[in-house]
Amino acid sequence: MASCAASPPRRPVFFLHVSSAGGSSLCALAQSQPCARVPSCGVRGTDDGLNKNCNLQCAHPWDWRQHCTAPACAPPAKPCRPPYKPGCAGLSRYVRRRNLSFVASETLLAHGLCPEFAYVAVVRDPVARLQSQLERMSATPNHRLHAMMARPRVFNASETTSLMGTAAVDNYLTRLLLGPSAFFLPLRGINASHALAASRVLARFAAVIPLEDLGGAGARLLQQKVGWRGCPRRTNAHSGAAGGAN
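All figures in this text were calculated on a predicted structure; none of them were measured in a lab.

Novice: I'd like a rundown of the overall build of the protein chain, residues and numbers included.
Specialist: Regarding its fold elements, the protein chain presents 10 helices and four strands. Reading the protein chain from its N terminus to its C terminus gives the helix and strand order β-α-α-β-β-α-α-α-α-α-α-α-β-α. Accessible surface, the protein chain as shown: approximately 12100 Å² in total, 54% of it carbon and sulfur.

Novice: Could you give me a rundown of the environment of His 111, with the residues and numbers involved?
Specialist: In this fold, His 111 is placed in the loop between β2 (102-105) and β3 (118-123). Through-space distance from the C-alpha of His 111 to that of Leu 178 is 8.9 Å; in sequence the pair is 67 residues apart.

Novice: Give me the sheet that holds β3: which residues, what numbers.
Specialist: As summarised here, the arrangement of the four strands in space is β2-β1-β3-β4, forming an open sheet in which the pairing is parallel. Among the strands making up the open sheet, the edge pair consists of β2 and β4 (207-210). The average undirected angle you get between the axes of adjacent strands in this sheet is 20°. Where β3 meets β4, four bridges bridge the pair, whose relative direction is parallel. Bridge pairing in β4 places Val 122 opposite Ile 209. Seen against the sheet, helix α10 (residues 217-226) touches β1 (13-16), β3 and β4 and runs at an angle of roughly 175° to β4.

Novice: Provide a residue-level description of the state of the cysteines, including the pertinent values.
Specialist: Counted under the stated rule, the structure contains two disulfides. Each disulfide pairs two cysteine sulfurs, and for Cys 68 the partner residue is Cys 73, the sulfurs being separated by 1.8 Å. Taking the sign of the S-S torsion, 75° for the link of Cys 68 and Cys 73, the bridge is right-handed. There is no split in this pair, since Cys 68 and Cys 73 are both buried. Across the disulfide from Cys 88 sits Cys 114; the S-S distance is 2.2 Å. In this structure, the disulfide formed by Cys 88 and Cys 114 twists by about -85° around the S-S bond and is classed as left-handed.

Novice: I'd like to hear about the pairing of β1, residue by residue, with values.
Specialist: What you see with β1 is no split at all: Val 13 and Phe 15 on one side and Phe 14 and Leu 16 on the other are buried throughout. Inspection of the sheet shows β1 paired to β2 by four bridges, in the parallel sense. Pairing of Leu 16 across the sheet is with Ser 105, part of β2. Where β1 lies against β3, four bridges are found, and the strand directions are parallel. Paired with Phe 14 across the two strands is Tyr 119, which belongs to β3.

Novice: Explain a positive patch on the surface to me, and be specific about the residues and the numbers.
Specialist: Residues Arg 93, Arg 96, Arg 97 and Arg 98 make up a contiguous surface patch of positive charge. The residue Arg 93 is located in helix α2 (residues 87-98) in this model. According to the relative accessible area criterion, Arg 93 is partly exposed, its value standing at 37%.

Novice: Just give me the short version of helix α9 (residues 192-202), but keep the residues and values in it.
Specialist: Looking only at α9, the buried set comprises His 194, Ala 198 and Val 201. Looking straight down α9, one finds its buried side chains confined to an arc of 55°; they lie on one side. Turned more than 90 degrees away from the buried face of α9 sit Ala 192 and Arg 200, all of them exposed. Buried residues in α9 make contact with α7 (172-178) and α8 (180-183).

Novice: So what's going on with the side chain of Asp 170? Which residues, and what values?
Specialist: Relative to the elements of secondary structure, Asp 170 occurs in the loop between α6 (166-169) and α7. Here Asp 170 falls in the buried class, since its relative accessible area comes to 8%. Sequence-distant contacts of Asp 170, defined by excluding residues within four places in its chain, comprise Arg 175, Pro 186, Leu 187, Arg 188, Gly 189 and Ile 190.

Novice: Explain the packing of aromatic side chains to me, and be specific about the residues and the numbers.
Specialist: This model, assessed by the stated rule, comprises eight aromatic pairs. Where Tyr 119 meets Phe 205, the ring centres are 5.5 Å apart and the plane angle is 55°; that geometry is what we call tilted. Here Tyr 119 is found in strand β3, whereas its partner Phe 205 is found in the loop between α9 and β4, with 86 residues between them in sequence. Considered together, Tyr 119 and Phe 205 belong to a single accessibility category, that of buried residues. Here the aromatic residues Phe 14, Phe 117, Tyr 119 and Phe 205 are joined through ring pairs into a cluster of three or more. In this structure, Arg 98 packs its charged tip against the face of Tyr 94, placed 3.8 Å from the ring centre.

Rules used throughout
Every residue gets a number counted from 1 within its own chain, in the order that chain's sequence is written. Predicted model: local features are reported for residues with pLDDT of at least 70 only, side-chain atom pairs are reported and counted for 80 or more only, and whole-chain, interface and lining totals are derived from all residues. Side-chain measures were taken over the full set of non-hydrogen atoms in the model, leaving aside hydrogen atoms and water. Strands are runs of DSSP state E lasting at least 2 residues, helices are runs of H or I lasting at least 4, and numbering of each runs from the N terminus. All accessible areas in this document rest on Shrake-Rupley with a 1.4 Å probe, and a residue is counted as covered only by the protein chains that are shown. For two strands to pair, DSSP has to find at least two bridges joining them. Working convention: axes come from line fits to C-alpha atoms, limited for helices to the stretch in contact. Angles between N-to-C directions cover 0 to 180 degrees. Contact criterion: two residues are considered in contact whenever any of their non-hydrogen atoms come within 4.5 Å of each other. The disulfide criterion is simple: two cysteine sulfur atoms within 2.5 Å. Relative accessibility decides the category of a residue: with a 1.4 Å probe and only protein chains considered, values under 20% of the type maximum give buried, values over 50% give exposed, and everything between is partly exposed. In this scheme, patches are assembled from residues that exceed 30% relative accessible area and form no salt bridge. Like charges are connected within 9 Å, while nonpolar side chains (Val, Leu, Ile, Met, Phe, Trp, Tyr) are connected within 5 Å. Note on definitions: salt bridges are taken to be side-chain nitrogens of Lys or Arg within 4 Å of carboxyl oxygens of Asp or Glu. The convention is simple: Lys and Arg are positive, Asp and Glu are negative, and His and the chain ends are not counted. To locate a charge, take atom NZ for lysine, CZ for arginine, CG for aspartate or CD for glutamate. The arc in question is formed by the directions pointing from the helix axis toward the C-beta atoms. Side-chain rings of Phe, Tyr and Trp (the six-membered ring for Trp) are treated as a pair once their centres are within 6.5 Å; stacked means planes under 30 degrees apart, edge-to-face means over 60, and tilted covers the remaining angles. By the criterion adopted, a ring carries a charge over it if an Arg CZ or a Lys NZ lies within 6 Å of its centre and within 35 degrees of its normal.

Read these as geometric descriptors, not functional statements.
Here you go:
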């Protein structure tokens, strides 16, 4: 068997983690790959010690809050982490310095797609995704949904409220793909032109997998496009009422 040093280099994988759509499963598969170099961050499980979602969160070059300006957001009290060099150059430098093969982020693509990375996403029926996310993140999901739908914008300077704000209930994937210009639009601010632009971004991904195909055609696509072995196993690393895949 060839050593890791002798293996041909591949572009590192950037996983756009759409909340409540396969993040734990993709992270576990990434960690299981031969010669995998996955950042140690996110939520650790108590059963197997694995990082459950691999999200860079505050450890990546892009703090999403700096893009959320008034009237959508008040400025954050303090930055998430000391600032990194922004954009694709910043992320590439971050990955090279740590010799990573995989990174994941559960927030918007702040600077579009970077050519140094192979992008992967798992997508899910939007209503089922929202239901899972609401039930996981709120003790009163119906009340939370109606409260968000009653306001033109709900964005606060924290990771949780970025996930459960206006974007979550109004064309979440489109907003993630198009970055700050679309992500922070008010409720019902997304139109057909945004959907078309988002589809063009998604077409440049190495692999886009429906959640229901994760264990079949999805595994074959990941092998073909990014060289991964094995089959993702549907898991849910989060406790809560939903019990849906994450």
